[in-house]
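# Structural characterization, general
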Amino acid sequence: VDEDVDELEDMEFDFTIHIPLVKLRELLKKAPKARAEHVRMKLLRGDDNGSGSPPSIFELSIEGDTMHRQRFGQLLVREEDNSLSCKPMQDDAGARLLADEDKYKLAFEGMYPVEKLNAFVRIVPTKYLEARAKNHMPLLLTHKLGAVDDDSHVHFLVAPVHDEA
């Protein structure tokens, strides 16, 4: 037995994004007809103005023969592990954020294969899917199996696709 085995380090992420699953499914359903192979995810961060919870815009999009996108206003909240968690906002508050999008800076962007995402989200019975993200890193999707027990969950790790343009 080799005793010089290195231990794997835990992956560290910058953001936890709560993705509305119905919207992601809608986009994935449109992908074959649009001949889109990848889903692009973007997080645009606004200025927190000292509040500690800056507004953000989360965007899901596909592009092939046609382009489709879904955008959501969210608040960023600092978590115990120092990552930022994107919490969904009410529709009217989110709509106000979208009107001022030129005031936001790109915080995260990644592209992921439609077929890989579709294989996971097709079977998940939840309203929001938790995605842990960091630029140039795999996306970690988590579905909690129990409402109380944090130890019962399913993880799905999907590698980013690098833009060829």
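That block above? That's the structure.
Now for a quick tour of the structure. What you see is a predicted model, and the numbers here were worked out from it, not measured in a lab.

A separate point is the pairing of strand 3 (residues 55-63). With eight of nine residues buried, strand 3 is to be regarded as a mostly interior element. Pairing analysis gives seven bridges linking strand 2 (residues 38-45) to strand 3, with the strands arranged antiparallel. Directly across from leucine 43, in strand 3, lies its bridge partner phenylalanine 58. Sheet topology places strand 3 next to strand 4 (residues 67-78); nine bridges connect them, and they run antiparallel. Within the sheet, the bridge partner assigned to leucine 60 lies in strand 4 and is glutamine 70. Linking strand 3 back to strand 4 in an antiparallel pair, the connection comprises three residues.

In this section: unusual backbone geometry. A positive phi angle, close to 60°, is found at arginine 35, a residue other than glycine. Its location among the elements puts arginine 35 in the loop between helix 1 (21-34) and strand 2. Overall, arginine 35 belongs to the exposed group, its relative accessible area being 64%. At histidine 136, a position not held by glycine, the phi torsion is positive, near 65°. Inspection of the secondary structure puts histidine 136 in the loop between strand 7 (128-133) and strand 8 (139-144).

Before going further, it helps to examine the nonpolar core. Of all hydrophobic cores here, the largest spans 34 residues; its most connected members are Val39, Met41 and Leu60. Once residues within four sequence positions are removed from consideration, methionine 41 is found in contact with Ile19, Phe58, Glu59, Leu60, Phe108, Glu109, Gly110, Tyr112, Leu117 and Leu139.

Turning our attention to helix 3 (residues 114-121). For helix 3, every residue scored as buried is listed here: Val114, Leu117, Phe120 and Val121. The buried side chains of helix 3 occupy one side of the element, clustering within an arc of 140° when seen end-on. Packed against the buried residues of helix 3 are helix 1, strand 2, strand 6 (105-113), strand 7, strand 8 and strand 9 (153-158).

Right, let's get into the packing of helix 1 against helix 3. Running from amino to carboxyl end, helix 1 crosses helix 3 at an angle of 135°, the nearest separation of the two axes being 10 Å. Judged on the interaxial angle alone, helix 3 and helix 1 are oblique. Every pair of crossing elements has a handedness; the one defined by helix 1 and helix 3 is left-handed. Within the contact between the two elements, helix 1 uses Leu21, Leu24, Arg25, Leu28 and Ala31 and helix 3 uses Val114, Leu117, Asn118 and Val121.

Take the sheet that holds strand 4 next. The nine strands lie next to each other as 6-2-3-4-5-1-7-8-9, forming an open sheet whose pairing is mixed. Edge positions in the sheet fall to strand 6 and strand 9, since each has one partner strand and no second. Each neighbouring strand pair of the sheet contributes to a mean axis angle of 25°, computed without reference to strand direction. Relative to strand 4, helix 1 is tilted by about 155°, and along the sheet it contacts strand 1 (15-20), strand 2, strand 3, strand 4 and strand 7. Across the sheet, helix 3 is in contact with strand 2, strand 6, strand 7, strand 8 and strand 9; its angle to strand 6 comes to roughly 85°.

Cut-offs and rules
Residues take numbers from 1 onward in each chain, read along the sequence in its written order. Owing to the predicted nature of the model, reporting of local features is limited to residues with pLDDT of at least 70; listing and counting of side-chain atom pairs is limited to 80 or more, with chain, interface and lining totals taken over all residues. Hydrogens and waters are ignored; side-chain quantities use all the structure's heavy atoms. Relative accessible area decides the class of each residue, using a 1.4 Å probe on protein chains only: under 20% of the type maximum gives buried, over 50% gives exposed, and in between gives partly exposed. We count a stretch as a helix when DSSP gives it H or I for four or more residues in a row; a strand needs E for two or more, and each element gets its number in order from the N terminus. Paired strands are those between which DSSP finds at least two bridges. Nonpolar cores were defined as sets of buried Ala, Val, Leu, Ile, Met, Phe, Trp, Tyr and Cys residues, with membership established by side-chain atoms within 4.5 Å. Should any heavy atoms of two residues lie within 4.5 Å, those residues are considered in contact. In this description, the arc belongs to the directions extending from the helix axis to the C-beta atoms. To obtain an axis, a line is fitted to C-alpha atoms, over the contacting stretch when the element is a helix, and the angle between two such axes runs from 0 to 180 degrees between their N-to-C directions. Angles are sorted into four bins: roughly parallel if under 35 degrees, roughly antiparallel if over 145, roughly perpendicular if 65 to 115, and oblique for all others. Should the near helix be turned anticlockwise from the far one by less than a right angle, the crossing is left-handed, and should it be turned clockwise, the crossing is right-handed.

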